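Notes for the structure review
Okay, here's what each chain looks like letter by letter:
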Amino acid sequence: MICNNCKDAYFRAKLIKMIKGKWQHSDPLLKMLLFCGIVMTCFGLISVLNIPLVKIFFGKSLSEVMTGFSSMDTAYINAMKFIQIFSQLGLMLVPAWLCGWLFSDNISLFFQFKKINFLQIAVIVVVTICLSPLINLLLDWNSHLQLPASLAAMEKMMRNMETEAEKLTESFLVTHTNFDLIINLSMIALLPAVGEELLFRGVLQNLIQQATKNQHWAVIITGFIFSAIHMQFFGFLPRFMLGVFLGYLLVWTGSIWAPILAHFINNGSAVLLSYYEQKNAININEEKIGIREGEFWMVIASVIITVSACYILYRSKQKST
């Protein structure tokens, strides 16, 4: 029996070694097809698994949860949080890690898990916080866009989707305890920061750069897909700009930790501000910063700080090269 177990372990190890990095030197377009196949497969599995898991853990059907969360009932919200966390793991982290494992024999090198220095960390923290007024202005412009009259039905559908997404976010941000805050920071800030950056910047941007031989096109195309995949047309422009910013952070620092850090700060600050507003500790409407009357100077300052910070990161990359 021991010998059989040893043989099984040996063959498993051998199989893993054979498959690992198998498509490392394959054509970039083939890798892209494999990437899409892996993501779609994971999407299908997560969609199917969510049905029994929600029933087992919460005693409710998936359709009940999807229609009942807007009632702000804690049971429905907790079920939606479970779906969100499970989906983040299955749709972002798992496919990203599988792609890194199949497309390289050195996952650390593939994802660029390289240390970033103190100057880079400080600049990333400052610029990510100071981006808010500019992001808010773009969001305000984007939200007032109107489609042609012939597409009125489509516009109505997209605005309804935006409303539903806002309701979901608002229900998630309701916190009663410190444990709720930890869950929200993990679900809204940590998991998306790690999962989305590994998938989009770590894998997709990498593959597009291999295919186009141009890092700028890779950043722009990845930023476009990153924004489009969220299915929020009236928030497309600011999310696209944020995606481009995150892409260039990877280019300028040569480390995936840079966009992960910026993504975490961007999402985490919204969670913390909402938490302290509910505690009546502060009274700041983050989404209105820079777009209220007399605050346009904040947008100008945001642009100046962003450009300056990007230049510092770019120059640090040039010097290190």
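On a predicted model such as this, the values are computed, not experimentally measured, just so you know.

As for the pattern of salt bridges
Taken as a whole and judged by the stated rule, the model has four salt bridges. In this structure, E155 and R159 form a salt bridge, with 3.1 Å as the shortest nitrogen-oxygen distance. Pair noted here: E155 and R159 are both in helix α8 (residues 152-173), with a separation of four residues, about one helical turn. Of the residues examined, R159 reaches a relative accessible area of 29% and is grouped as partly exposed. Among the ionic pairs, E295 bridges to R292, the shortest N-O distance being 3.1 Å. Among the residues examined, R292 registers a relative accessible area of 37% and is labelled partly exposed.

Some points on unusual backbone geometry
Located in the positive-phi region is K213, a residue other than glycine, with phi close to 60 degrees. Along the polypeptide, K213 turns up in the loop between α9 (178-212) and α10 (215-228).

Here's the deal with the packing of aromatic side chains
Aromatic ring pairs: the centre-centre distance and the angle between the two ring planes describe each pair. Applying the stated criterion to the full structure yields 13 aromatic pairs. Note on W97 and F111: the rings are 6.0 Å apart at their centroids and 15 degrees apart in plane angle, and the pair reads as stacked. Of this pair, W97 sits in helix α4 (residues 74-103) while F111 sits in helix α5 (residues 107-111); the two residues are 14 residues apart in sequence, bridging distant segments of the chain. We classify F111 as buried; its relative accessible area is 1%. Over the face of the ring belonging to F234 we find R159, whose NZ or CZ atom lies 3.8 Å from the ring centre.

A short note on the environment of C130
With respect to the element layout, C130 can be found in helix α6 (residues 118-130). Sequence spacing of C130 and S302 is 172 residues, and the spatial spacing of their C-alpha atoms is 5.5 Å.

Thoughts on the nonpolar core
Membership of the largest hydrophobic core comes to 25 residues, with the highest contact counts inside it found for F35, F111 and V203. Elements supplying a minimum of two residues to this core: α2 (28-58), α4, α5, α9 and α10. When residues of this core are assigned to their parent elements, the largest contribution, eight residues, is made by α9. Setting aside its immediate chain neighbours within four residues, F111 contacts A96, W97, G100, L198, G202, V203 and I256. L134, F245, W252 and L313 belong to the second largest nonpolar core, which has 23 residues in total.

Topic: a nonpolar patch on the surface
A cluster of nonpolar side chains, namely L151, M154, M157, M161 and M231, defines an oily patch on the protein surface of about 460 Å² accessible area. Tracing the chain through its elements places M157 in helix α8. In this structure M157 comes out as partly exposed when scored by relative accessible area, which is 48%.

Quick notes on the state of the cysteines
Evaluation of the coordinates by the stated rule reveals zero disulfides. Of the cysteine sulfurs around C36, a residue in no disulfide, the closest is that of C99, at 9.1 Å. Cysteine C99 is unpaired, with the sulfur of C42 as its nearest cysteine sulfur at 8.3 Å. Overall, the relative accessible area of 0% leaves C99 in the buried class.

Calculation notes
Within each chain, residue numbers correspond to sequence positions counted from 1 in written order. Note on the predicted model: pLDDT of at least 70 is required for a residue's local features to be given, and 80 or more for side-chain atom pairs to be given and counted; whole-chain, interface and lining totals, by contrast, use all residues. To get the side-chain values, take all heavy atoms of the structure and skip hydrogens and water. By salt bridge we mean one thing: a side-chain nitrogen of Lys or Arg within 4 Å of a carboxyl oxygen of Asp or Glu. In this text, helices come from DSSP runs of H or I with a minimum length of four residues, and strands from runs of E with a minimum of two, each type numbered from the N-terminal end. Type-normalised accessible area, obtained with a 1.4 Å probe on protein chains alone, sets the label of each residue: buried when under 20%, exposed when over 50%, and partly exposed for intermediate values. Put simply, two rings from Phe, Tyr or Trp (the six-membered ring, in Trp's case) pair if the centres are within 6.5 Å, and we call them stacked under 30 degrees between planes, edge-to-face over 60, tilted for the rest. Only Lys NZ and Arg CZ are tested; either one counts as a charge over a ring when it is within 6 Å of the ring centre and within 35 degrees of the ring normal. Put simply, buried Ala, Val, Leu, Ile, Met, Phe, Trp, Tyr and Cys residues joined by side-chain atoms within 4.5 Å make one nonpolar core. Here, residues are in contact when the closest pair of their heavy atoms is within 4.5 Å. Note on patches: the residues involved have over 30% relative accessible area and no salt bridge, like charges join within 9 Å, and the nonpolar side chains Val, Leu, Ile, Met, Phe, Trp and Tyr join within 5 Å. Here the accessible surface of atoms and residues is derived via Shrake-Rupley with a 1.4 Å probe, and residues count as covered only by protein chains that are part of the display. Two cysteine sulfurs form a disulfide in these notes if their separation is within 2.5 Å.

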